[in-house]
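Results of the structural survey
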Amino acid sequence: MDQEQLKDLIRDVPDFPKPGISYKDITTLLKDPVALKAATHFMLKPFAATGVECVVGIESRGFILATPMAIELGCGFAPVRKPGKLPAQTLKLEYDLEYGSDVVEIHADAIEPGQKVLVVDDVLATGGTMAAACQLLEQLEADIVGISVLAELSFLRGRDRLPALRLESAIVY
Ligand code: AMP
């Protein structure tokens with residue numbers, strides 16, 4: 001299965017979660033066993049030889065893709081979550097949205113200083129969430145070897161918010 005076939009399995013849901021947003025629904029891809037394997041394969045391949053020690057997934061669809069990637073790499077998984085979900089001591093970061101703001105959190109002991117991490121999410125849109133997650137990881141002195149997303153909405157220029165990091169996307173819109 002190639003990237004174009006994967007793209008065909010992602011469903012566009014118009015006006016979700018609000019009018020004007022075309023939502024990339026990956027559940028139609030995830031339920032296909034061949035596509036699920038191919039998607040994680042494409043996301044992992046560019047980073048296979050980078051010595052990743054931990055795959056960091058962003059809540060919540062990032063978790064679905066990050067965990068099989070961590071198993072495949074033989075390394076661990078760490079979650080970046082929405083506020084109030086992680087039980088132990090956390091670092092948190094507030095970031096701006098188009099209207100209002102949001103917060104991401106990570107456990108203070110999720111990553112050791114210098115640990116090589118790969119950051120994973122399903123969709124890169126404006127890049128605000130990913131940039132905030134990477135800032136948290138930098139506060140923990142993680143060595144971010146790269147960012148891997150299943151789909152990049154390139155017209156939203158999320159990549160421009162992450163200029164210093166290697167960003168790979170399996171599918172580009
Ligand atoms: P961002 O604008 O890059 O900070 O996106 C915020 C989060 O919302 C990311 O974790 C994406 O997975 C998700 N997201 C944003 N836009 C879309 C979209 N059009 N379809 C599906 N998920 C989206």
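Only a predicted model underlies this, so the values are computations on that prediction, with no experimental measurement involved. (Residues numbered from 1 in each chain as written. Predicted model: local features only at pLDDT ≥ 70, side-chain atom pairs only at ≥ 80, totals over all residues. Heavy atoms only, no water.)

**A few points about the environment of Arg61**
Quick note on the threshold: Note on conventions: DSSP H or I runs of at least 4 residues are helices, E runs of at least 2 residues are strands, and numbering of each starts at the N terminus. A simple rule labels every residue: compare its accessible area, found with a 1.4 Å probe on the protein chains alone, to the largest value its type can have, and call it buried under 20%, exposed over 50%, or partly exposed in between. Pairs of residues are marked as contacts when any of their non-hydrogen atoms sit within 4.5 Å. Distance and chemistry together define a polar contact, namely a pair of N or O atoms within 3.5 Å, with one atom able to donate a hydrogen and the other to accept it when in protein, and with adjacent residues in sequence counting only for side-chain atoms on both sides.
Positionally, Arg61 belongs in helix α4 (residues 61–73). Exposure remark for Arg61: the relative accessible area of 30% places this residue in the partly exposed category. Beyond its immediate chain neighbours, meaning those up to four positions away, Arg61 contacts Tyr23, Ile26, Asp121 and Asp122. For Arg61, the side chain forms a polar contact with the side chain of Tyr23, separated by 2.8 Å.

**So, the pairing of strand β6 (residues 101–107)**
Two faces make up the sheet, and in a regular strand the side chains alternate between them. Here is the rule we go by: Paired strands are those between which DSSP finds at least two bridges.
Along β6, 5 of the 7 residues are buried, which leaves the element largely enclosed by surrounding structure. Pairing of strand β5 (residues 90–96) with β6 involves 7 bridges; the strand directions are antiparallel. The residue of β6 that forms the bridge with Leu93 is Val104. Between β5 and β6, which follow one another and run antiparallel, lie 4 residues, and Gly100 among them has a positive phi close to 90°.

**Section: the site of the ligand**
The line we're drawing: Proximity criterion: a residue is near a molecule or strand once any of its heavy atoms comes within 4 Å of it. Accessible areas in this description were obtained via Shrake-Rupley with a 1.4 Å probe; residue shielding takes into account the shown protein chains only. Cavities and pockets are found on a 1 Å grid laid over the protein atoms alone: a cavity is a set of points where a 1.4 Å probe fits but cannot escape, a pocket is an open set with protein on both sides within 12 Å along at least five of seven lines, and a lining residue has an atom within 4 Å of such a point. Each molecule is assigned to a cavity or pocket provided more than half of its atoms lie within 2 Å of the corresponding grid points. Charged means Asp, Glu, Lys or Arg here, nonpolar means Ala, Val, Leu, Ile, Met, Phe, Trp, Tyr, Cys or Pro, and polar covers whatever is left, Gly included.
Lining the immediate surroundings of the ligand are 13 residues, of which Asp121, Asp122, Thr126, Gly127 and Thr129 lie closest. Measuring from an oxygen atom of the ligand, one finds a side-chain N or O atom of Asp122 at 2.6 Å. At 3.0 Å, a backbone N or O of Ala125 approaches an oxygen atom of the ligand. Expressed as a share of its isolated accessible area of 480 Å², the protein-covered part of the ligand is 81%. In a pocket analysis with a 2 Å cut-off to the grid points, the ligand is assigned to the largest pocket. Breaking the shell around the ligand down by element, the ones donating at least two residues are β2 (22–25), β7 (116–124) and α5 (128–139). Counted by class, the shell around the ligand contains 4 nonpolar, 5 polar and 4 charged residues.

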